[in-house]
Amino acid sequence: MAETKRKTRDDGSRQRSSSKKPKTSKKGKSADKAERRGPRLPNALRKELDRLNPRTADSDEEIGSDEEALGQDLYEYEEGLPEEESKKNRRFDPVDNLDYELPEDFEDENVSSDDDNEARNGGESEADDEVKEENDGRRIGEMPTQTVEGRRKKMNNVVVSEAYPESEYNPTRDMLEGEGALSIGDLLDPLQGKHGYSKLKKRVRILDKKSTPIQAPLPKPVQQRLERNAAYDKSKEELRKWEPIVKRNREAPTIYFDDDRDLGPSSVGTIASEFEPRTEFEKKMASLLYDDEVMDAHRKDGSRLLELNKVSAEDEKDRQNRIAKMRSLLFRHELKSKHIKNIKSKTYHRLLKKDKLKANSLQSQMDPEASKELAMKQEYERAKERMTLRHKGSSKWAKRIKERGLDVQDDGTRAAIAEQQHLHAQLTRKMNSMKDSDTSSNDTSDDDDVDVNSDDEDRASKLLEKAKEKTLKLLNEDNEVPNSGVLSLPFMNEAAAEEAKLALQEYESWANQLGDSGGGNPKVGRPSGRMVFNGKDAPESSKKTKSDNKNRSDNYYGDSDSDSEDDLEPISISQHGKYRSNELMKDANISPVLLHEDSENHKDSFFKQNTDGSVQDPGPQATHEVSIFASGTWRKMKNGNDANANANAKKSPAPLQSVELDQSVQEPVKDLDVDSDADSEGQMVDGVLSAVPEPSYELPSQEELIRQAFAADNVEDEFKKTKEDILNEENPEPEKPVLLPGWGQWTNIQKKKGIPSYMQIEHDSAKKKREEALKQRKDANLKHVIISEKPPNKKSQNLFTQSLPYPFTSKEVFEQSIRMPLGPEFNPASMVGALNRPEVVKKSGVIIKPIEFEEVNAYEKLEGHKKSGQKHKKNRKSKSNSNSGKNMTKLKTK
Amino acid sequence: MKVKVISRSTDEHTKERSQDLQRVFHNYDPAIRPQEKAVEYVRALNAAKLDKIFAKPFVGAMDGHIDAISCMAKNMNHLVGIFSGSMDGDIRHWDIASRRTVHQFPGHQGAVRGLAVSTDGRVLVSCGTDCSVRLWAVPISTAMELDVSSDKSVEPLETYVWKNAFRSVDHQWNFDRFATGGAGVDIWNHNRSAPEQSLEWGTDTVISVRFNPGQPDLLATSASDRSIALYDLRMGKPTAKLIMATKTNSICWNPMEPFNFTAANEDCNCYSFDSRKLNAATCVHKDHVSAVMDIDYSPTGREFVTGSYDRTVRIFQYNGGHSREIYHTKRMQRVFCVKFSCDASYVISGSDDTNLRLWKAKASEQLGVLLPREKKRHEYHEAVKNRYKHLPEVKRIVRHRHLPKPIYKATGLRRTMIEAERRREEKRKAHSAPGSITSKPLRQRRIVRVEE
């Protein structure tokens, strides 16, 4: 600061001196003034002279002393130079240079104000007026038209710049008024003829021409404001350089802050090289590893290493011993663990047993032989148990527990007891059921005998009779059974009896019918009487009871087993497939009604069988189930018998029957033969096949079909009605004007007057409005169309924005912006990344440094980021479509 | 006869390795996907809902101070370190990862009002009401040494006592200088016991000082005479001054846009300014219901965090009029200082309840390492949500926040007041001669004058 001040002071003095010049060139007052300022003149002038002619300057040493001191740091090497040289030397034109060097803000006014103050402090009282005058004089050149008042005013503003107190060099007023004022010319005169005089004169003249009146320094606040303004402008200018960078970043669809930094050593080698031992162990290792000797040995060759590697015999022995010990320990440990592995808990064994059982049962399911064996085994066990009654609670243990009381026992014992009781209960139940099944199996086995052995027609009738008998018996049983409850009531009994009778009648009539359709042939009844189920059931039961017809039943068993494994359909198929040829003949013989029923029964039976099959688990439970089935569901079995008998009937040899068939019946059979061979099964089950097929069937036309299909309902009328309803709903019909009934005499008046006219008018206008609205509807002229004009409902309302979102100016642009989907399903993989890229890509854990300046060419096409692609950013796109292309930029950070 | 057969190249349909994903071929014809928009809308809705479900911004609290936290400073070189100063003169260095105090810097006699860290992260500068500026060497510590070091306290490098109490301090970017604000603005050097330079404009106390990180010679201050002043150190002069209707509590420069700064004002709003045009704010950020106490920009320059006297922390977009996020907890009291972490993914707030709180900058962000596919999924969700953000349902879900009751009520009250004011203005305008009453836009309304 001090330096600059000095400079400026120097500068100021120079200016002052220069300002003298015009006065010298001018005549009169102005010239006088210049002279009056004489005392200061030498100072300034001396400098000039000093520069040009140092010898002259030498004379007034003392005056220049401070000046010299000032000059010292400005022009350091001037002093050191010999005078002759400095004389020629014009290279240091200090004033000019300074002028260029100084920045704008170092204004003259600023610093010279110090001088002003000085002047004021020192010589204000005396020299005030003179100075003002002088200033006036200076300004004359500038503003000749100014009045005295104006001048006075101006004077107040003008700051006096007089650095020296009154003295002989700073003359008073009378001196100034006097004629004998000095001019620069006068002072220069003595130099005339000397070396450099002409030069000096020329310079002075030039200065005179150039100089302008000096401005008075401004008040401090104003000055400061100006300074600040200048500084602000400057700093604004500085900040401007950031504009392109910021603009680019703002416009970029994505800015990246995740530049791949060097996050440390990447290779194993670098990591290893930077490893420093920290723990004791590591240090020890390091001391061994980086032992000088070892390192040297490594560097040279292996021989030294070998030397170093020598181990003493004792050490080796020790080592071997240790190893042996470890081995033996390991071996023992292994043995022990093996032993432990073999010891197993009770639960383990129980579970194992269960698993084994399960596996067995599974096997039995798969393999008939195994299952048979299993069944035998179970039967044996059952028998054994029945004999010993082991689980009845007669054991010593159980008795003791009973004695002590069950409540006292712990949970485990109680559970065991319960289990035993359960087992016993199961066993007893089994015994009962076994008895039943035994009888039934006997029955059925008898049946079976008959069934298989006799294949004549009588068999059928026999069966029929048997069935009848059984039904009757059942009915009787039914009569007998209910002895208590609702069914035991007399009227219920009656009703039951009646029902039974009805059933019987029905049955008989049905049988007759059969007889008729079968051409009076008693054989036709056969199918309903025969039961395949017997054939199936028998083997199971017989096997269980070890009945004598085991050989045969084995066959059947195999059959039924395979059946029970399968689903409903396969069963039917296999069965039907088996008897297909027979069936055809048979079916022809049977009336459709019968067949239908038959097939239904069939299905039922299959279903039952199937359920049985699925329930049937090998093992004790399975047999139990089967036996239950045998005993408890007698009626069901009977049904099944009926059905299966039917199926079985088909098994009977076809040729025999076909012979007896009528000619008339045979024809359709042939038809059937033609088309049904392959697809008969499914149809058989459904009973569709039985519908009599028409030989010549023509497809009706589409229209006809539709008419037939919709014969009953009047679609058009309905549509009309719905349309009307909708119309009424959307444009409701105006209500008819109604009067509130009056009372007393008002009723009469009301009646007379009728509906008031305004109501009528209102009503009419509303009606008209409605009609117009109806006419204006989009579907007014479309007879078969309803176009709803309801206000959009709330749900669809959610799919619209209430107003256009902010950056967008038109609806189209907004819609365009959300037109293209973003997802990976709708875009190729190469596009998805670019479409979904967020605005700021950063990595957590990466420090983001503030922006750093870099030159940006606003017009250059930035080379895209490696991940670049099109990013559809709405607000940008709406503004400028072209801009949003590949504007990917990478932020440079410090 | 020509027979058309489907032919496929084996190269495209075989996986090179067993881990490879099976390539799926798509037909991108929009005609066969008429529902794409509907699908994406639903996805956007779901994404918005998921965001709400996963929005758990509070990571943890750091307690240890025994008085209100007055200031914080982040270490620009060290991600997990943060310094906090409290009203009882305690300064602590925290490890954010473990949320523990690593070091303590005892010495201040009164409240610590300003903290700043040098750019290289070696020197911590603190100043306070005890008229002293202290420089501390930041001990370099790794996680390993944390447990071992028993003596956590650090001795100051230097202590410079000056004439007046200090209110704030900030360090210049990349240089050795720092500026303190108090009775005036003083520019200090690390190596000198007296300020290098003292800047003054007006006589009021300077409340906050901030250096411009992009243009390190620029300095912005706010003072208690409701002014915001700019200084240029190259010229050693103040450059511009702006007087607002209310005091500005804190100032922050945008690190990515060196001519923009945002001022946290006492009137519940933040004002973003272009430092070259101070006669109008570029954006007014409204939402707080009480004085905004502190503000800090995210290093990305795209958002900033504010802490307010209304006990909430909010995150704003740099150009958004309303906050993107509000954070609050039951126990958090008046927030006096906030900072964005250097990687822009966390926010730290210091409050009256002597705790520092660590928040996620994005409330529903999944922490930890993400698989590329996860990342893609998140990006897609974000993009879809962004696309349909204008639709009412999505907007509703995205904007919905549970607020503490007092804040909710205060918001409502503020809204009514503003609305009433607006109506009054409108009526006044309607009932007076046209042109006689002019209303300033909001961006200029609170600016009293710009001084030169």
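Residues numbered from 1 in each chain as written. Chains lettered and ligands numbered in written order. Predicted model: local features only at pLDDT ≥ 70, side-chain atom pairs only at ≥ 80, totals over all residues. Heavy atoms only, no water.

We now examine the overall build of chain A. Across its full length, chain A carries 43 helices and three strands. Put simply, chain A has 894 residues, and 33% of those count as buried. Considering only contacts within chain A whose residues lie at least 6 apart along the sequence, 74% involve residues at least 24 apart. When the accessible surface of chain A is split by element, carbon and sulfur atoms take 53% of a total near 59700 Å². (Helix = DSSP H or I, 4+ residues; strand = E, 2+ residues; numbered from the N terminus. Buried < 20%, exposed > 50% of the residue type's maximum accessible area, 1.4 Å probe, protein only. Contact = heavy atoms within 4.5 Å. Areas by Shrake-Rupley, 256 points an atom, 1.4 Å probe, with all protein chains shown as cover.)

For the rest of this paragraph, the subject is the overall build of chain B. Within chain B, the regular secondary structure consists of seven helices and 29 strands. Going through the 452 residues of chain B one by one, you find that 51% of them count as buried. Long-range contacts, defined here as pairs at least 24 residues apart, represent 51% of the contacts in chain B between residues at least 6 apart. Surface exposure of chain B reaches about 21700 Å², of which carbon and sulfur atoms provide 51%.

Tallying the contact residues gives 60 residues for chain B and 62 residues for chain A. Interface of chain B and chain A: buried area, both sides summed, is about 5400 Å²; carbon and sulfur atoms make up 60% of it. When the buried surface of chain B facing chain A is broken down by residue, Arg276, Arg302 and Arg387 of chain B rank first, second and third, together holding 14% of it. At the boundary of chain B with chain A, the tally comes to six salt bridges. With a closest N to O distance of 3.9 Å, Arg302 of chain B and Glu839 of chain A form a salt bridge. Here chain B and chain A share 17 residue pairs in polar contact (both at pLDDT 80 or more) between them. Those elements giving two or more residues to the side of chain B that touches chain A turn out to be helix H2 (36-54), strand E16 (227-232), strand E17 (237-244), helix H4 (372-387) and helix H5 (392-399) of chain B. Its residues placed into classes, the side of chain B that touches chain A shows 29 nonpolar, 13 polar and 18 charged. (Buried area = accessible area lost by both parts, 1.4 Å probe. Salt bridge = Lys/Arg side-chain N within 4 Å of Asp/Glu carboxyl O. Polar contact = N/O pair within 3.5 Å; in protein donor to acceptor, adjacent residues only side chain to side chain. Nonpolar A, V, L, I, M, F, W, Y, C, P; charged D, E, K, R; others polar.)

Another point: the packing of H2 of chain B against H5 of chain B. Helices that pack against each other are described as a pair by the angle of their axes relative to one another and the distance between those axes. Residues and elements named next belong to chain B. At a minimum axis separation of 9 Å, H2 and H5 run at an interaxial angle of 10°. When the interaxial angle is binned, H2 and H5 end up roughly parallel. Along its contact with H2, which presents Tyr41, Leu45, Ala48, Lys49 and Lys52, the element H5 presents Glu393, Val394, Ile397 and Val398. Per-class residue counts for the contact of H2 with H5 are six nonpolar, no polar and three charged. (Axes fitted to C-alpha atoms, helices over the stretch in contact; angles between N-to-C directions. Parallel < 35°, antiparallel > 145°, perpendicular 65-115°, else oblique.)

This paragraph deals with the UniProt feature "repeat: WD" (unreviewed entry) in chain B. Within this numbering scheme, the UniProt entry marks residues 62-104, 105-136, 199-241, 285-326 and 328-369 of chain B as carrying the feature "repeat: WD" (unreviewed entry). What you have in residues 105-136 of chain B is 0% helix and 53% strand, and the ends, taken at the C-alpha atoms, are 8 Å apart. (UniProt positions renumbered as here; feature names shortened; annotations may be inferred.)

The next thing to look at is the sheet that holds strand E6 (residues 112-117) of chain B. Note: strands within a sheet are paired through backbone hydrogen bonds, in either parallel or antiparallel orientation. All names here are of chain B. Taken together, four strands build an open sheet; the order of strands is E6-E7-E8-E9 and the sheet is antiparallel. In this open sheet, the two strands that pair with only one neighbour each are E6 and strand E9 (156-161). Averaged over all pairs of adjacent strands, the angle between strand axes in this sheet comes to 15°, irrespective of strand direction. Bridging between strand E7 (residues 123-128) and strand E8 (residues 132-137) involves five bridges; their strand directions are antiparallel. Counted as the bridge partner of Cys127 is Val133 from E8. (Pairing = 2+ DSSP bridges.)

Turning to a positive patch on the surface, a few remarks are in order. There is a patch of like positive charges on the surface, built from Lys199, Lys201, Lys202, Arg205 and Lys209 of chain A. Mapped onto the secondary structure, Lys202 of chain A falls in helix H13 (residues 197-210). (Patch = residues over 30% accessible without salt bridge, like charges linked within 9 Å, V, L, I, M, F, W, Y side chains within 5 Å. Lys, Arg positive; Asp, Glu negative; His and termini not counted. Charge placed at Lys NZ, Arg CZ, Asp CG, Glu CD.)

Here we take up the side chain of Ser250 of chain B. Residue and element names in this part refer to chain B. Tracing the backbone through its elements, the reader meets Ser250 in strand E18 (residues 248-253). With relative accessibility at 4%, the residue Ser250 sits in the buried group. Here the side chain of Ser250 touches Asp294 through a polar contact of 2.9 Å, side chain to side chain. If near-sequence neighbours (up to four positions away) are discounted, Ser250 is found in contact with Ser208, Ser222, Thr262, Ala263, Ala264, Met293, Asp294 and Ile295.

All names here are of chain B. Per the counting criterion, the structure on display carries 15 aromatic pairs over all chains. Ring centres of Phe105 and Trp136 lie 5.3 Å apart, and the angle between their planes is 70°; on these two criteria the pair is classed as edge-to-face. Placement of Phe105 in the loop between strand E5 (100-104) and E6 and of Trp136 in strand E8 is noted, with a sequence separation of 31 residues between them. For the pair Phe105 and Trp136, one class covers both residues: buried. Ring pairs connect the aromatic residues Tyr160, Trp162, Phe166, Phe178 and Trp188, which therefore count as one cluster. (Phe/Tyr/Trp six-rings, centres within 6.5 Å; stacked < 30°, edge-to-face > 60°.)

Glancing now at the environment of Val394 of chain B. All names here are of chain B. Note that Val394 resides in helix H5. C-alpha of Val394 to C-alpha of Ala48: the two residues are 346 residues apart in sequence and 6.5 Å apart in space. Once you skip the residues sitting within four places of it in the chain, Val394 turns out to touch Tyr41, Leu45, Ala48, Lys385, Tyr388 and Lys389.

Let us look at the confidence of the model for chain B. All names here are of chain B. In the predicted model, chain B carries a mean pLDDT of 92, and 98% of its residues have values of at least 70. Mean pLDDT values for the elements of chain B range from 51 in helix H3 (residues 143-148) up to 97 in strand E24 (residues 313-317). Two numbers describe this predicted complex: its pTM, 0.52, and its ipTM, 0.91. (pLDDT = per-residue confidence, 0-100.)

All names here are of chain A. Counting all residues, the mean pLDDT for chain A is 64, and 47% of those residues have values of 70 or more. Across chain A, the secondary-structure element scoring lowest on mean pLDDT is helix H43 (residues 874-879), at 37, and the one scoring highest is helix H20 (residues 313-342), at 94. A low-confidence stretch, residues 433-456 (pLDDT under 50), is modelled with 34 contacts involving residues beyond four sequence positions or located in other chains. When the criterion is pLDDT under 50, residues 861-894 qualifies, and its contacts beyond four places in sequence or with other chains add up to 86 contacts.

Residues and elements named next belong to chain B. Under the definition given, this model contains 41 salt bridges over all chains. Of the charged contacts, one joins Asp267 and Arg446 as a salt bridge, the two residues approaching to 2.8 Å between their closest N and O atoms. Of this pair, Asp267 sits in the loop between strand E19 (260-265) and strand E20 (270-274) while Arg446 is found in the loop between helix H7 (442-445) and strand E29 (447-451), placing the two residues 179 residues apart along the sequence. For Asp267, a relative accessible area of 11% translates into the label buried. The exposure class of Arg446 is partly exposed, given its relative accessible area of 26%. Where Glu425 meets Arg428, a salt bridge forms, and the shortest distance between an N and an O atom there is 3.5 Å.

Moving on to the pairing of E6 of chain B. All names here are of chain B. Counting buried residues in E6 gives five out of six residues, a clear majority hidden from the surface. Across five bridges, the pairing between E6 and E7 is antiparallel. Opposite Gly114, over in E7, you have Cys127 as the bridge partner. Hairpin remark: E6 followed by E7, antiparallel, with five residues in the connecting loop; positive phi at Gly121, about 75°.

Attention now moves to a nonpolar patch on the surface. Residues and elements named next belong to chain A. On the surface, a nonpolar cluster with roughly 470 Å² of combined accessible area is contributed by Phe281, Met285, Leu289 and Tyr290. Following the sequence through the fold, Phe281 ends up in helix H17 (residues 280-289). The class for Phe281 is exposed, based on a relative accessible area of 58%.

Residue and element names in this part refer to chain A. Where helix H21 (residues 346-366) contacts helix H22 (residues 368-388), the axes come no closer than 5 Å and their chain directions differ by 125°. If you check the angle between H21 and H22, you find them oblique. As H21 packs across H22, the resulting crossing turns out to be left-handed. Residue-level inspection shows Gln363, Ser364 and Met366 of H21 in contact with H22, the latter providing Pro368, Ala370, Ser371 and Leu374. Broken down by class, the residue content of the contact of H21 with H22 amounts to four nonpolar, three polar and no charged. (Left-handed = near helix turned anticlockwise from the far one by under 90°.)

A few words on the pairing of E24 of chain B. Residues and elements named next belong to chain B. Here E24 lies mainly inside the structure; four of its five residues are buried. Here strand E23 (residues 303-308) runs beside E24; their pairing, made up of five bridges, is antiparallel. By the bridge assignment, Val305 is partnered in E24 with Ile315. Once E23 ends, the chain turns through four residues before running back antiparallel as E24, passing Arg311 with a positive phi of about 75°. Two elements, E24 and strand E25 (residues 323-327), share four bridges in a ladder whose sense is antiparallel. Note that in E25 the partner of Arg314 across the bridge is Ile326. Between E24 and E25, which pair antiparallel one after the other, the connecting turn spans five residues.

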